[in-house]
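Inside the fold
Listed below are the residues making up each chain.
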Amino acid sequence: RSHRVMEIDPASALIHVIEEKTGFPSRHPYDRLIVATGSTYATGPFTPGKPQGVLGVRSAVDSVILKTFIEARNPRTVIIAGGNLLGLEMAEAFNKRGMNVTVVEMADRILPDFGERLSNIMLKRLQENGITVIPGTPVASVSGNDEGFLKSVTLGNEMEMPADMLFLAIAADR
């Protein structure tokens, strides 16, 4: 938390860091490097679980709830709110499970915090794998059926889409 990574040296498997309070530099060896930036995800105007099928992952408990819902309900049509790293990771995972996946991103392109080149590469890959991407509009509302399960998702452009599950990958700073 109080260190800034200044350089990653894969050839020698070292990371170079600076302690922010003191400015003291140090090097640390690694066997495997996992980049975890500590992003925080919001739920937007939605309450996870209401209707059932509106889900997100913020904790280990949430991941168990997600897994249990998928095993019990076998959702076929999934909409992901957020074209960020989490949203795209989940899109790929759901797609591999045979789900029909649509990623909705309110920015003009997926991965809005990254360069346009990477965004275009990822968009092409998603499309090649049969994942639909709708940029430039947010998820506006959800509606449930008489049993309390998600029935459809309405986008900011007023398009209504049937859905068995809405996965929330909305960045907190948006």
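None of these values were measured; they are calculated from a predicted model.

1. As for the sheet that holds strand 11 (residues 160-162)
Pairing within the open sheet is antiparallel, and its three strands lie in the order 9-10-11. Edge positions in the sheet fall to strand 9 (139-144) and strand 11, since each of these pairs with one other strand and no more. The sheet shows a mean angle of 25° between the axes of neighbouring strands, taken without regard to direction. Examined bridge by bridge, strand 9 and strand 10 (residues 150-155) share five bridges and lie antiparallel to one another. Bridge pairing links glycine 144 to leucine 150 in strand 10.

2. Here's the deal with the pairing of strand 8 (residues 132-135)
Two faces belong to every sheet, and in a regular strand the side chains alternate between them. Pairing geometry for strand 7 (residues 100-105) and strand 8, over four bridges, is parallel. By the bridge assignment for strand 8, valine 104 is matched with isoleucine 134. Note on the crossover from strand 7 through helix 3 (residues 116-128) to strand 8: the handedness is right-handed.

3. Thoughts on unusual backbone geometry
Positive phi, close to 45°, is recorded for asparagine 74, a residue that is not glycine. In this fold, asparagine 74 is placed in the loop between helix 1 (60-73) and strand 6 (77-81). Residue glutamate 158 is not a glycine yet carries a positive backbone phi of 75°. The residue glutamate 158 is located in the loop between strand 10 and strand 11 in this model.

4. Things to note about the pattern of salt bridges
Under the counting rule described, the total for this entry stands at three salt bridges. With a closest N to O distance of 3.7 Å, lysine 67 and glutamate 71 form a salt bridge. Highlighted residues: lysine 67 and glutamate 71, both in helix 1, separated by four residues, approximately one helical turn. For lysine 67, a relative accessible area of 51% corresponds to the exposed category. Residue glutamate 92 pairs with arginine 125 through a salt bridge whose shortest N-O separation is 2.8 Å. Taken together, the positions of glutamate 92 in helix 2 (residues 85-96) and arginine 125 in helix 3 put the pair 33 residues apart, joining distant regions of the chain. For glutamate 92, a relative accessible area of 26% corresponds to the partly exposed category.

Conventions and cut-offs
- Residues numbered from 1 in each chain as written.
- Predicted model: local features only at pLDDT ≥ 70, side-chain atom pairs only at ≥ 80, totals over all residues.
- Heavy atoms only, no water.
- Pairing = 2+ DSSP bridges.
- Helix = DSSP H or I, 4+ residues; strand = E, 2+ residues; numbered from the N terminus.
- Axes fitted to C-alpha atoms, helices over the stretch in contact; angles between N-to-C directions.
- Right-handed = clockwise from strand over helix to strand, strands pointing away.
- Salt bridge = Lys/Arg side-chain N within 4 Å of Asp/Glu carboxyl O.
- Buried < 20%, exposed > 50% of the residue type's maximum accessible area, 1.4 Å probe, protein only.

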